[in-house]
Amino acid sequence: MPFRKIAALGAAADAARRFARKNPEKTRSYLDKAAGFADRQTKGKYSSQIRSASDKARKAALGDDEQRA
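None of these values were measured; they are calculated from a predicted model. (Residues numbered from 1 in each chain as written. Predicted model: local features only at pLDDT ≥ 70, side-chain atom pairs only at ≥ 80, totals over all residues. Heavy atoms only, no water.)

## What to know about the confidence of the model for the protein chain
Note: predicted coordinates in regions of low pLDDT should not be interpreted at a detailed level. Across the protein chain, pLDDT averages 89, with 90% of residues at or above 70. Taking the mean pLDDT of every element in the protein chain, the minimum, 90, falls on helix H1 (residues 3-22) and the maximum, 96, on helix H2 (residues 24-41). (pLDDT = per-residue confidence, 0-100. Helix = DSSP H or I, 4+ residues; strand = E, 2+ residues; numbered from the N terminus.)

## Concerning unusual backbone geometry
Unusually for a residue other than glycine, Lys43 sits at a positive phi of about 55°. Along the chain, Lys43 falls in the loop between H2 and helix H3 (47-62).

## Considering the environment of Phe19
Here Phe19 lies in helix H1. With a relative accessible area of 35%, Phe19 lands in the partly exposed category. Distance from Phe19 to Leu62, taken between C-alpha atoms, is 9.9 Å for residues 43 residues apart in sequence. Sequence-distant contacts of Phe19, that is, excluding residues within four places in its chain, are made with Lys26, Thr27 and Tyr30. (Buried < 20%, exposed > 50% of the residue type's maximum accessible area, 1.4 Å probe, protein only. Contact = heavy atoms within 4.5 Å.)

## Regarding the packing of aromatic side chains
Going through the model one piece at a time under the given rule, you end up with one aromatic pair. Between Phe19 and Tyr30 the ring centres are 6.3 Å apart and the planes differ by 15°, which places this aromatic pair in the stacked class. In this pair, Phe19 is assigned in helix H1 and Tyr30 in helix H2, connecting sequence segments 11 residues apart. (Phe/Tyr/Trp six-rings, centres within 6.5 Å; stacked < 30°, edge-to-face > 60°.)

## A few points about the pattern of salt bridges
Under the counting rule described, the total for this entry stands at three salt bridges. Asp32 serves as the salt-bridge partner of Arg58, at 2.8 Å between the closest nitrogen and oxygen. A residue pair is termed long-range when its members are at least 10 positions apart, and Arg58 in helix H3 and Asp32 in helix H2 qualify at 26 residues. Using a relative accessible area of 4% as the deciding quantity, one classes Arg58 as buried. (Salt bridge = Lys/Arg side-chain N within 4 Å of Asp/Glu carboxyl O.)

## Considering H3
Here H3 spans 22 Å end to end across 16 residues, near enough to the 22 Å set by a 1.5 Å rise per residue. Those residues of H3 that fall on the buried side of the exposure criterion are Ser47, Ile50, Ser54, Arg58, Ala61 and Leu62. One side of H3 holds all its buried residues, which, seen down the axis, span an arc of 75°. Exposed and oriented more than 90 degrees from the buried face of H3 are Lys56 and Ala60. The inward-facing, buried residues of H3 abut H1 and H2. (Expected span 1.5 Å × (residues − 1). Arc of directions from axis to C-beta.)

Next comes the structure, spelled out in C-alpha cells:
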C-alpha cells in the first residue's frame, strides 16, 4: 500500500477519534445502528461476533468499559 493511502487512513482514523470524543452519544448511536444493520443483513447468524466487534469499536473510540444491556 502506497504511503499516501496509509497516511490518508491514519488521518481519517484520527478525525473519527476526535469526533467520537467530542460526540460520545452520537458515536454510541452510530455504532449501535451499524451493528443493528449488520445483524439484520446477516439475519442474526453472526450476532455474537457483531456485538463483540461493536463493543471493541466502542472501547477503542470512547474508552468505554460499560457493558451493553
